[in-house]
Every structure is written in structure tokens, then in C-alpha cells.
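Report on the structure
The chain contents come next:
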Amino acid sequence: MHMIVIPLVGEGSEGWGRRALVEDLLWAHADPDLGLEHIRVRPTRDGLEVVALMGGASEARALLGARSLLNRAGDALAAQGYAVAAPPLA
């Protein structure tokens, strides 16, 4: 299992409801092939930070799964006012 940290910028980092919404959006776009095992969303000064625990034989595979998840969920996150901070994933 690999920990992938995904910084999101946008409005509304306060309150559990916004964090829960982002968590739900990501789970809704996660297929088993991505290897997503757990998500934790926490507030930061600039928005939110998603900590995703990804399965996979290597960190490269876990990063690929996280990138795919962000591609799938990108429009839904944008509709809520969030964008992945640059650089998105190292």
C-alpha cells in the first residue's frame, strides 16, 4: 500500500461537510482497478489535502491509479470549486 498526497485548492475547506463531499466524489469515481483502499480529506490553508492509500505493486502503479482517479473525478471536483494544485503528483 502506498500513501499518495493530493493537494486541492479551492473554496470551502472549513467544515466536515465539504471534506465529506470531496471524499464521496472521489469514491464515486473510483473503480476497483485503480487500487484505491482508503481516503482521508483534511483542511489546509489553501484548500484541502487528500491522502489516498493506493494498492499496487509499486509506487509508480499507485501514482498512476491516483492520476486516473483525478482524471475521472476532475469535472465533479471542479463543479464544487476545487482543482488539483500544481504540480499535481510528483
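Use the structure listed above.
Report follows, based on the coordinates. Here the structure is a predicted model, which is why all the values come from computation and not from measurement.

Within the open sheet, the 4 strands sit side by side as β2-β3-β1-β4. Their pairing is antiparallel. Each having just a single partner strand, β2 (36–43) and β4 (82–84) make up the two edges of the open sheet. In this sheet, adjacent strand axes meet at a mean angle of 30 degrees when their direction is disregarded. Where strand β1 (residues 2–10) and β4 come together, 3 bridges link them in antiparallel fashion. Pairing of Leu8 across the sheet is with Val84, part of β4. Taken strand by strand, helix α1 (residues 16–28) contacts β1, β2, β3 (47–54) and β4, and its axis lies near 155 degrees from that of β2. Where helix α2 (residues 59–79) meets the sheet, it contacts β1, β2, β3 and β4, and its direction lies at approximately 25 degrees from that of β1.

A word on the pattern of salt bridges. Applying the stated criterion across every chain, the model contains 3 salt bridges. Between Asp33 and Arg72 there is a salt bridge; the shortest N-O distance is 3.6 Å. In this pair, Asp33 sits in the loop between α1 and β2 while Arg72 sits in helix α2, placing the two residues 39 residues apart along the sequence. Residue Glu49 pairs with Arg42 through a salt bridge whose shortest N-O separation is 2.6 Å. Residue Arg42 is classed as partly exposed on the basis of its relative accessible area of 41%. Residues participating in the shared-partner salt-bridge network are Asp31, Asp33 and Arg72.

Within the largest apolar cluster, 24 residues are counted, with the highest numbers of intra-cluster contacts made by Val22, Leu26, Val50 and Leu77. Secondary-structure elements contributing two or more residues to this core are β1, α1, β2, β3 and α2. With 8 residues, α2 is the single largest residue contributor to this core. Residues in contact with Leu77, not counting those within four places in the same chain, are Val22, Leu25, Leu26, Leu70 and Tyr82.

The rules behind the values
- Residues numbered from 1 in each chain as written.
- Predicted model: local features only at pLDDT ≥ 70, side-chain atom pairs only at ≥ 80, totals over all residues.
- Heavy atoms only, no water.
- Pairing = 2+ DSSP bridges.
- Helix = DSSP H or I, 4+ residues; strand = E, 2+ residues; numbered from the N terminus.
- Axes fitted to C-alpha atoms, helices over the stretch in contact; angles between N-to-C directions.
- Contact = heavy atoms within 4.5 Å.
- Salt bridge = Lys/Arg side-chain N within 4 Å of Asp/Glu carboxyl O.
- Buried < 20%, exposed > 50% of the residue type's maximum accessible area, 1.4 Å probe, protein only.
- Core = buried A, V, L, I, M, F, W, Y, C linked by side-chain atoms within 4.5 Å.

So far we have only geometry, and geometry alone does not tell us how the molecule works.
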